[in-house]
Amino acid sequence: MQQWDVIVIGAGAAGLMCAIEAGKRGRKVLVLDNGKRVGRKILMSGGGRCNFTNIYTSHENFLSQNKHFCKSALSRYTQWDFIGLVQQHAIPYHEKTLGQLFCDDSAKDIVDMLLAEAKAANVQIALQQQISAVSFAAGQYTISTPELERQCSSLVVASGGLSLPNLGATPFGFQLAEQFGLTVLPLRAALVPLTWQPSDKAVFEEISGVSLPVTAQANGTLFPEDMLFTHRGLSGPAILQISSYWQPGDEVLVNLSPETDVAAFLANQQQAHPEQEVKTALSKLLPKRLVEKLLEIQILTNQPLKALNPKSIKQIADSLHGYIFKPNGTEGYRTAEVTIGGVDTEGLSSKTMEAKHQPGLYFIGEVVDVTGWLGGYNFQWAWASGWVAGQYC
Ligand SMILES: Cc1cc2nc3c(=O)[nH]c(=O)nc-3n(C[C@H](O)[C@H](O)[C@H](O)COP(=O)(O)OP(=O)(O)OC[C@H]3O[C@@H](n4cnc5c(N)ncnc54)[C@H](O)[C@@H]3O)c2cc1C
């Protein structure tokens, strides 16, 4: 039987940060992971450059049944703390857009930084571990793998969500939470493309690759970002963001021309070029392939601008400012960036991330019911919740 002070399950962003902090406090720490290498999601995040935080992070960028839960951790380990660590390791980075910070070179820089910090804090890491059972008696957790049993007084669960099962995602953390009497809130894929109804697919798959700035709105939340037509449905940042607010059966209201008032634009064009066709005029505002498609399915009618009256101008404007997309579903965990729901924060201390009724058991990162927007917020939650737990476990 091996004896440890702290065992962390999951060598991802949250688990590594927690292990480093606990190790710095002199705790004897072991990280267990089922994969062949650490930080696999970090390595593939942000197109290989890891959008590691967002300079505008606040609790308002997160979804959770308890919107206040994440405040404590986010305020005690902020984006500026993580940026400071990145600077200390001389990792070059840049702001891409909307406060999103990316590595200049590679996400591997972040993993190497975490491994260097872990080494300095005497953290041990064991990979390719298949945990078969966890039990608790006399203040000690026993973690069994087919090869051996290990004991610890603090068990930290950082096994992440369900997205990308081929990258090692498992429901382990949710099952363990239930084993110890914590509630797991319903899980669903988020930051995920939305798919066409079969009839829409037949129409729109031909314009796959077309992208444009829009606003996408569902359930009272609106995101102004780019939208991308794909073979399977709609994607791009605006759709990924709104997917976190979308529930099956809901409509998504898409404004295809958020920056230009279409009615005013058409009235101007009518004055300047009365012989011009609607198609030509609208192609100055929207991608031409999209305009052609909207004409083909008779959302628009092609005619000379001089034939339009105020009512028909308003109809065109309304259909472009209020395009209604009724998704069939999402692409699911296969392509989702995150899992919404998870370990109910009701059962956790926001100060320490420890289970309120199970001493020594901690949950951090994505396994917890705290989900960030697209843009570096999910990593900031992983760093912050991991750091906080690392001060107490
Ligand atoms: C393609 C993609 C791109 C992303 N890009 C970004 C981005 O740029 N910025 C951002 O903020 N967020 C991004 N995210 C989200 C972000 O990666 C996660 O929110 C974050 O990694 C969660 O950290 P975590 O430590 O909680 O879990 P993870 O990083 O998922 O780590 C969990 C670890 O636990 C291990 N594990 C799982 N089950 C077991 C088990 N049974 N036994 C042992 N080990 C187990 C896993 O192998 C994994 O190593 C992206 C996600 C994806 C899928």
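Structural notes, computed from the coordinates. (Residues numbered from 1 in each chain as written. Predicted model: local features only at pLDDT ≥ 70, side-chain atom pairs only at ≥ 80, totals over all residues. Heavy atoms only, no water.)

Taken in spatial order, the 7 strands make up an open sheet running 17-16-13-14-15-12-18, and their pairing is antiparallel. The sheet is open, and its two borders are formed by strand 17 (323-325) and strand 18 (329-330), each paired with just one other strand. Two strands pair when backbone bridges link them, and strand 14 (residues 221-229) and strand 15 (residues 233-235) are joined in this way by 2 bridges, in the antiparallel orientation. When the sheet's bridge partners are listed, F229 is paired in strand 15 with L234. On the sheet, helix 12 (residues 310-321) packs against strand 16 (252-255) and strand 17 and is oriented at approximately 120° with respect to strand 16. (Pairing = 2+ DSSP bridges. Helix = DSSP H or I, 4+ residues; strand = E, 2+ residues; numbered from the N terminus. Contact = heavy atoms within 4.5 Å. Axes fitted to C-alpha atoms, helices over the stretch in contact; angles between N-to-C directions.)

With that settled, the discussion passes to the packing of helix 1 (residues 13-24) against helix 5 (residues 108-120). It is the contact of helix 1 with helix 5, at a shortest axis distance of 8 Å, that shows an interaxial angle of 25°. If you check the angle between helix 1 and helix 5, you find them roughly parallel. For helix 1 against helix 5, the interelement crossing comes out left-handed. Seen from helix 1, the contacting residues are L16, I20 and K24; seen from helix 5, they are L114, E117 and A118. Taken together, the residues that form the contact of helix 1 with helix 5 break down as 4 nonpolar, no polar and 2 charged. (Parallel < 35°, antiparallel > 145°, perpendicular 65-115°, else oblique. Left-handed = near helix turned anticlockwise from the far one by under 90°. Nonpolar A, V, L, I, M, F, W, Y, C, P; charged D, E, K, R; others polar.)

The next subject is the site of the ligand. Around the ligand, 29 residues are found, and the nearest of them are D33, N34, R40, T170 and F379. A distance of 2.6 Å separates an oxygen atom of the ligand from a polar side-chain atom of D33. In the model, an oxygen atom of the ligand is placed 3.5 Å from a nitrogen or oxygen of the G376 main chain. The fraction of the free accessible surface of the ligand (1,000 Å²) that becomes covered by protein chains is 93%. At the level of elements, helix 1, helix 2 (40-44) and helix 13 (377-390) are the ones that each hand at least two residues to the shell around the ligand. Top contributing element to the shell around the ligand by residue count: helix 13, with 4 residues. (Near = heavy atom within 4 Å. Polar contact = N/O pair within 3.5 Å; in protein donor to acceptor, adjacent residues only side chain to side chain. Areas by Shrake-Rupley, 256 points an atom, 1.4 Å probe, with all protein chains shown as cover.)

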